[in-house]
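Residues per chain are reported as follows:
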There are 2 protein chains.
Amino acid sequence: MGMRLAARDESVPLAAAPTKARGMSRERAKEARRRQLIEATIDGIARKGFADLKIADIAAEAGLSVGIVNFYFKSKDALLIATLKHLVEDYEQHVSQVLARAGKSAAAQIDAMIEADFARTHANRKHVTVWYAFWGETRWRPEFSKLCADLSTAFQQSMTEAMQRLIDEGGYRDIDASLVARGLNAMIDGLWLDMLINPKQTDRETAKASVRALLAGLFPKEFGPRRSANDVSAA
Amino acid sequence: MGMRLAARDESVPLAAAPTKARGMSRERAKEARRRQLIEATIDGIARKGFADLKIADIAAEAGLSVGIVNFYFKSKDALLIATLKHLVEDYEQHVSQVLARAGKSAAAQIDAMIEADFARTHANRKHVTVWYAFWGETRWRPEFSKLCADLSTAFQQSMTEAMQRLIDEGGYRDIDASLVARGLNAMIDGLWLDMLINPKQTDRETAKASVRALLAGLFPKEFGPRRSANDVSAA
DNA sequence: ATAATCTGAATGATGGTTCAATCAAATCAC
DNA sequence: GTGATTTGATTGAACCATCATTCAGATTAT
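About the cut-offs
- Residues numbered from 1 in each chain as written.
- Chains lettered and ligands numbered in written order.
- Predicted model: local features only at pLDDT ≥ 70, side-chain atom pairs only at ≥ 80, totals over all residues.
- Heavy atoms only, no water.
- Helix = DSSP H or I, 4+ residues; strand = E, 2+ residues; numbered from the N terminus.
- Buried < 20%, exposed > 50% of the residue type's maximum accessible area, 1.4 Å probe, protein only.
- Contact = heavy atoms within 4.5 Å.
- Areas by Shrake-Rupley, 256 points an atom, 1.4 Å probe, with all protein chains shown as cover.
- Expected span 1.5 Å × (residues − 1).
- Polar contact = N/O pair within 3.5 Å; in protein donor to acceptor, adjacent residues only side chain to side chain.
- Core = buried A, V, L, I, M, F, W, Y, C linked by side-chain atoms within 4.5 Å.
- Buried area = accessible area lost by both parts, 1.4 Å probe.
- Salt bridge = Lys/Arg side-chain N within 4 Å of Asp/Glu carboxyl O.
- Axes fitted to C-alpha atoms, helices over the stretch in contact; angles between N-to-C directions.
- Parallel < 35°, antiparallel > 145°, perpendicular 65-115°, else oblique.
- Left-handed = near helix turned anticlockwise from the far one by under 90°.
- Nonpolar A, V, L, I, M, F, W, Y, C, P; charged D, E, K, R; others polar.
- Least-squares fit on C-alpha atoms with pLDDT ≥ 70 in both.

(A) Broad picture of the overall build of chain A. Helices and strands together make up the secondary structure of chain A, namely 11 helices and zero strands. Beginning at the N terminus, the succession of helices and strands in chain A can be written as α-α-α-α-α-α-α-α-α-α-α. Relative to its full complement of 235 residues, chain A shows a buried share of 51%. Contacts in chain A between residues far apart in sequence, at least 24 positions, make up 67% of those at least 6 positions apart. Approximately 12,200 Å² of chain A is accessible, and the part contributed by carbon and sulfur atoms is 52%.

(B) Summary view of helix α5 (residues 106-117) of chain A. Between its first and last C-alpha atoms α5(A) spans 17 Å; for 12 residues at 1.5 Å apiece the expected length is 16 Å, and the two agree. Burial of α5(A) is extensive: 11 of the 12 residues sit out of reach of the surface.

(C) Region of interest: the side chain of N198(B). Mapping N198(B) onto the fold places it in the loop between α8 (177-197) and α9 (204-218). The class for N198(B) is buried, based on a relative accessible area of 8%. For N198(B), the side chain forms a polar contact with the side chain of S152(A), separated by 2.9 Å. Apart from residues no more than four positions distant in its own chain, N198(B) is found in contact with A149(A), S152(A) and T153(A).

(D) Layout of unusual backbone geometry. The phi angle at D174(A) is positive, at roughly 60 degrees, despite the residue not being glycine. As for its placement among the helices and strands, D174(A) is situated in the loop between α7 (142-170) and α8 (177-197).

(E) Representation of the nonpolar core. One finds I110(A), F219(A), I110(B) and F219(B) to be the most contacted residues of the largest nonpolar core, which totals 157 residues. Other than its neighbours up to four places away in sequence, F219(B) contacts M163(B), L166(B), I167(B), Y172(B), I175(B) and G224(B).

(F) Inspection of the interface of chain B and chain A at higher detail. Listed per partner, the contact involves 48 residues of chain B and 48 residues of chain A. The junction of chain B with chain A conceals about 4,100 Å² of combined surface from both sides, 63% of it contributed by carbon and sulfur atoms. The three residues of chain B that bury the most area against chain A are R139(B), W140(B) and R182(B), which together make up 16% of that side's buried surface. Our enumeration of links across chain B and chain A arrives at two salt bridges.

(G) View of the packing of α8(B) against α9(B). Residue and element names in this part refer to chain B. Packing of α8 against α9 leaves a shortest axis separation of 10 Å and a crossing angle of 160 degrees. When the axis of α8 is compared with that of α9, the two are roughly antiparallel. Here the hand of the crossing between α8 and α9 comes out right-handed. Along the contact surface, α8 presents V180, L184, M187, I188, L191 and M195, while α9 presents R204, A207, S210, V211, L214, L215 and L218. Of the residues assigned to the contact of α8 with α9, the class counts are 11 nonpolar, one polar and one charged.

(H) Geometry of the relation of the copies chain B and chain A. Take chain B, turn it by 180 degrees, move it 0.0 Å along the axis, and it overlays chain A with an RMSD of 0.0 Å. Such values leave the two copies arranged in the relation of a two-fold axis. Residue M187(B) of chain B places its C-alpha closer to the rotation axis than any other residue of that unit, at 1.8 Å. Most of the interface of chain B is mirrored in chain A, where 100% of its interface residues are also at the interface.

(I) The pattern of salt bridges, seen in detail. All names here are of chain A. Scanning all chains against the criterion turns up 26 salt bridges over all chains. One salt bridge in this structure joins E115 and K208, with 3.2 Å as the shortest N-O distance. Linking E115 in helix α5 with K208 in helix α9 (residues 204-218), this pair joins segments that are 93 residues apart in sequence. Owing to a relative accessible area of 9%, K208 belongs among the buried residues under this scheme. Its salt-bridge partner being K208, residue E205 comes within 3.5 Å of it at the nearest N-O pair. Of this pair, E205 and K208 are both found in helix α9, three residues apart, which corresponds to roughly one turn of the helix. Look at the salt bridges and you will find they share partners, linking D111, E115, E205, K208 and R212 into a network.

(J) Main features of α9(B). Residue and element names in this part refer to chain B. Between its first and last C-alpha atoms α9 spans 22 Å; for 15 residues at 1.5 Å apiece the expected length is 21 Å, and the two agree. Along α9, 12 of the 15 residues are buried, which leaves the element largely enclosed by surrounding structure. All of the buried residues along α9 are T206, A207, K208, S210, V211, R212, A213, L214, L215, A216, G217 and L218.

Given below as structure tokens:
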């Protein structure tokens, strides 16, 4: 390898490197930087798109230099995988929290899952944009694929269980819990796409109303027209 | 501009250029090549993904040289836009045909739209893959965005009209046609995503069954458990 | 003969990655 | 404690591989 020494201009001082907070252990500081770069990647995708996202964009978004990315992640690809992993974990945690806070009845749990999916913190333009960017690439990246499939399966399972409980307790006939749960989850993802493509026509509230409209037909006792969301949310 | 002359090896003959069929006018031949390149682009996206698709891949897929792409399209971007336009037009035509063949009752028309969406020719791995690739990029490409939004709006409108007719004629109460139509369309898109991410769990038939399961709850007379798809399909 | 079509090597721009130099924090020596 | 030394973190220019695009020349159709 030949010389690649830079002729640094001594008259220009280097930008002050952001200093870790006092008392923060090196290990924790390292974790914080990784997190910072992941957040910058999310913002970067939202701003520039998946295809146009450069390492330089991520660095700029984080207020750091380009070299730093390969110091904390072995490649751009590894950073993208870490970012999707972060999104998945964040989403799982969000749903768990909402479910734990909700009433234990089957209807309340289903309602909570819907609320979780359309919460302001997650069903916003930035998040939806980034999720669809990843989904668009999933097909050719096995690591993306696995993360998405596992999340989808887990959510599907929770929804099916709650649905089965609702069917059993409510004495409903001729309803396949698994099919309905799959349709419901699909509808939620599709409504996200709608919010992405037609934000004028579909907002969070309209989307939630759409989901409830279909639930009302299947489970009139719990989601019927005379019952409000508050009724089912109460334990 | 300096010389960029190639020292072509005269001993190797150029590959025979595919010749247009006899009697084909130049205008038609040109259209055929454009179409060929668009098909190659679709195959290329399906095979390599949006992010990794090179001009060389498209040319190879079409069995032509790299130079040809910029002869028929002013840029790679223009080719991608033409490809999406082709997909949109093809899909619109497909839906029109299926609707025209179906019975005129509201239920039959709704059923036909579902059948159209899950037809073997369109709800297959290749098509779904490519659509999601485009959707993933839509956010940052106004041309993509407009094409997708227009298609979505048109389909939404047809579905809402049929739904309203079903509600009026069937004497249903407390059902908002627009909300239900939006939910239904969203569910279809979401089931496509499911087929993409979890192909083992979700195939065309399961997906259709999911849609019908929800419709059965809302419109028991037309889609209820005792009625088969054939019943509503008949005029 | 002329125009349209087609080829593929050369070009030039772009952007991921590397790495020598520099800075900052932690540890050590006393 | 204070200065010296080691270790870790950060920078950004240089490197280099990768394409989209161009275009001189070859081929084919009219």
